[in-house]
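# Reading the structure
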Amino acid sequence: GGGGGGGKFLDGMLRYLRDEHQAKKGEPLPGEWTTEEDPNTPQQRNGCDCGVFTCVNAEGLSVGKELRFGQREVTENARERIALAILEGKI
């Protein structure tokens, strides 16, 4: 991951959600949805951890945690936590 381009990705994801909701439910996605790009969101410092960072960011956002971690925390323990959650059937 080279970083950047997050706004285009977010816009694409919102378009996907709207299209999927319309296709599956037969009606527009309810409510006013917007995207917000936060320049302080932790990002990987290499080319192989983007998926792990995505999972850790999503986990934090889903429970209202402040996103304060870096490459070291992801490298040292996030992969193991994700693998354990998968093995235990939690995700």
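First, a word on scope: everything that follows refers to the structure included in this document. (Residues numbered from 1 in each chain as written. Predicted model: local features only at pLDDT ≥ 70, side-chain atom pairs only at ≥ 80, totals over all residues. Heavy atoms only, no water.)

With that settled, consider the overall build of the protein chain. A count of helices and strands for the protein chain gives 3 helices and 0 strands. For 91 residues, the compact-globule estimate of 2.2 N^0.38 gives 12 Å, and the C-alpha radius of gyration of the protein chain, at 16 Å, exceeds that figure by more than 25%. Counting the 91 residues in the protein chain, one finds 19% classified as buried. Sequence separation of 24 or more characterises 44% of the internal contacts of the protein chain that already satisfy a separation of 6 or more. A distance of 2 Å separates the average location of the 12 positive side-chain charges in the protein chain from that of its 15 negative side-chain charges. (Helix = DSSP H or I, 4+ residues; strand = E, 2+ residues; numbered from the N terminus. Rg over C-alpha atoms; globule rule 2.2 N^0.38 Å. Buried < 20%, exposed > 50% of the residue type's maximum accessible area, 1.4 Å probe, protein only. Contact = heavy atoms within 4.5 Å. Lys, Arg positive; Asp, Glu negative; His and termini not counted. Charge placed at Lys NZ, Arg CZ, Asp CG, Glu CD.)

Taken together, Asp11, Glu36, Glu37 and Asp38 make up a surface patch of like negative charges. In this structure, Asp38 sits in the loop between α1 (6-25) and α2 (50-62). (Patch = residues over 30% accessible without salt bridge, like charges linked within 9 Å, V, L, I, M, F, W, Y side chains within 5 Å. Areas by Shrake-Rupley, 256 points an atom, 1.4 Å probe, with all protein chains shown as cover. Salt bridge = Lys/Arg side-chain N within 4 Å of Asp/Glu carboxyl O.)

Attention now moves to the packing of aromatic side chains. This model, assessed by the stated rule, comprises 1 aromatic pair. A centroid spacing of 5.5 Å and a plane angle of 40° characterise the contact between Phe53 and Phe69, whose relative ring orientation is tilted. On the criterion of sequence distance, the pair formed by Phe53 in helix α2 and Phe69 in the loop between α2 and α3 (71-87) is long-range, its members being 16 residues apart. The exposure class assigned to Phe53 is buried, which follows from its relative accessible area of 2%. (Phe/Tyr/Trp six-rings, centres within 6.5 Å; stacked < 30°, edge-to-face > 60°.)

Next up on the list: the pattern of salt bridges. Oppositely charged side chains may form a pair once their charged atoms are brought near each other. Under the counting rule described, the total for this entry stands at 5 salt bridges. With its nearest N and O atoms 2.1 Å apart, the salt bridge here joins Asp49 to Arg79. One end of the pair, Asp49, is in the loop between α1 and α2; the other, Arg79, is in helix α3, and 30 residues separate them in sequence. By relative accessible area, Asp49 is classed as buried at 3%. The residue Glu59 makes a salt bridge to Arg81 at a minimum N-O spacing of 3.3 Å.

Before going further, it helps to spend a moment on α2. The terminal C-alpha atoms of α2 lie 18 Å apart, and with 13 residues this matches the ideal 18 Å at 1.5 Å per residue to within 8%. Within the span of α2, buried status applies to Val52, Phe53, Val56, Asn57 and Gly60. Relative to the axis of α2, the buried residues are bounded by an arc of 130° and lie together on one face. Relative to its buried face, α2 has exposed residues pointing more than 90 degrees away, namely Thr54, Leu61 and Ser62. Turning to α2, the residues buried within the fold contact α3. (Expected span 1.5 Å × (residues − 1). Arc of directions from axis to C-beta.)

Purely spatial values, then, with no claim about function.
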